[in-house]
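# Architecture and fold: a report
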Amino acid sequence: MYRQCFYSWVQVLILLILVLSLWWIFGYLGGLIPGATQLLWLLNWHQLLMLLAFAACFVNAAIVFRMVEAPLTAQTTLHYVYQFLCLALIVLGLTAVVTWKVLESGVPEEETSISSNSFYTFHSWVGMFTILAFLAQLVVSLSRDWKDQYSQMTIILIVFTCVCATVAMITGIEDVVFYRYIDGLISYSNYPLEGILVNSLCILLLLLLLLVTWVWFRVSYSATDRSTYTELDNTDNTHTVRPMKGVNV
C-alpha cells in the first residue's frame, strides 16, 4: 500500500510542476506558438521539453524498480521506455535552444529580452553536465546484464543525475526571470504574481528531488520476482544471484 501512496505523490508533484510550467509559459512568456515574443517561443519549448525529460520521464525511470510492483522483466521494459523518451526529449530540447541561439544572434540587442549569451551561464554548464551524467548512467545500465541494472555504480549515477537535473532546471528558470526583470520594468521586490509562481515551481522541483531520493534510500525493490535481482560480487567481479538489500518502511 505504501508504494502506491508514494508513487501517487510523485505523480501529483510531476503534474503540479507541469501545470505551473504551462501557466508560466502561456501566461507570462508568450506561449509556444512560432513568432510569439520575438524568438522566445523556442526558449519556451526548451524549458518545457527539459522539464518533461527530467522531471517526468527520468524521475519515473528512476523509481520504477522501487514503486511499480511487477515482474522484473516488465519493470526493465518500462524503465527503458522512460529512459529513451527522456533521451528523445533532451535531443528536441537541445535543438530548440541551439536554434534559438543561432537565430537570436542575428537580432539587434535592443530588440531582445533575453541574452543569447546564456550558454555561458552556470545553468548552461550544469545542464550539459546533467546530460553527460544521464548518458553515462544509460551506457552503464545498457552495458550490464538486465538482471543487474542496479549495481552501486548505476545507483550513484542515477541519483547524481537527478540532483544535477534539479539544479539545472531551477537555475534555468531563475535565469529567465533574471533577464526578464533586469531592465527594471517590473520590480521583482514587489512580489509580482509571476515571482510567486516561479518560486513555487522551484520549491516543487526540490520536493520532487527529496521524495525521489527518499524512495531510493528507504524503499526496497518492488519486483514480484525479487529473488532474480543480482548484484556485483566485490571479491571476484562475478555476478551471483541473491536478493538485493533494501529497507522496508
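Structure: above.
The following refers to the structure shown. (Residues numbered from 1 in each chain as written. Predicted model: local features only at pLDDT ≥ 70, side-chain atom pairs only at ≥ 80, totals over all residues. Heavy atoms only, no water.)

This next bit is on a nonpolar patch on the surface. A cluster of nonpolar side chains, F129, L132, L135 and F160, forms an exposed patch at the surface whose accessible area comes to about 380 Å². The dominant element in the nonpolar patch, judged by the number of residues it contributes, is helix α4 (residues 122-142), at three residues. Relative to the helices and strands, F129 resides in helix α4. Overall, the relative accessible area of 47% leaves F129 in the partly exposed class. (Patch = residues over 30% accessible without salt bridge, like charges linked within 9 Å, V, L, I, M, F, W, Y side chains within 5 Å. Areas by Shrake-Rupley, 256 points an atom, 1.4 Å probe, with all protein chains shown as cover. Salt bridge = Lys/Arg side-chain N within 4 Å of Asp/Glu carboxyl O. Helix = DSSP H or I, 4+ residues; strand = E, 2+ residues; numbered from the N terminus. Buried < 20%, exposed > 50% of the residue type's maximum accessible area, 1.4 Å probe, protein only.)

Another aspect to go through is the nonpolar core. Grouped together as the largest cluster of nonpolar side chains are 55 residues, with contacts concentrated most on W24, F54, C86, I90, L205 and L208. Of all elements in the fold, only α1 (2-28), α2 (40-67), α3 (72-104), α4, α5 (152-181) and α6 (193-218) reach the threshold of two or more residues within this core. Tallying contributions element by element places α2 first for this core, with 15 residues. Counting seven residues, the second largest nonpolar core, distinct from the first, contains W41, L42, L43 and V97. (Core = buried A, V, L, I, M, F, W, Y, C linked by side-chain atoms within 4.5 Å.)

Moving on to the packing of α2 against α3. To characterise two packed helices, one gives the angle between the axes of the helices and the distance between these axes. Interhelical geometry of α2 versus α3 gives an angle of 165° and a closest axis separation of 8 Å. In terms of their interaxial angle, α2 and α3 are classed as roughly antiparallel. The handedness of the crossing between α2 and α3 comes out as left-handed. (Axes fitted to C-alpha atoms, helices over the stretch in contact; angles between N-to-C directions. Parallel < 35°, antiparallel > 145°, perpendicular 65-115°, else oblique. Left-handed = near helix turned anticlockwise from the far one by under 90°.)

It is worth spelling out the packing of aromatic side chains at this point. For any pair of aromatic rings, the description rests on two quantities: the centre-to-centre distance and the angle between the ring planes. For the coordinates displayed, the defined rule picks out five aromatic pairs. Taken together, a centroid distance of 6.3 Å and an interplanar angle of 65° make the contact between F54 and F58 edge-to-face. You can see F54 and its partner F58 sitting in helix α2, four residues apart, about one turn around the helix. Per residue, the accessibility class of F54 equals that of F58, and both read buried. Relative to F160, the ring of F129 has its centre 5.8 Å away and its plane inclined at 85°; by these criteria the two rings are edge-to-face. Pair noted here: F129 is in helix α4 and F160 is in helix α5, with a separation of 31 residues, a long-range link. With a relative accessible area of 37%, F160 lands in the partly exposed category. Taken together, the ring pairs connect F54, F58 and F134 into an aromatic cluster. (Phe/Tyr/Trp six-rings, centres within 6.5 Å; stacked < 30°, edge-to-face > 60°.)

On to the packing of α2 against α6, then. Packing of α2 against α6 brings their axes to within 10 Å, and their N-to-C directions diverge by 20°. For the element pair α2 / α6, the angle class is roughly parallel. For the pair α2 and α6, the sense of crossing is left-handed. Counted together, L51, A55, V59, A62, I63, R66 and M67 of α2 and L205, L208, V212, V215 and W216 of α6 form the full contact between these two elements. (Contact = heavy atoms within 4.5 Å.)

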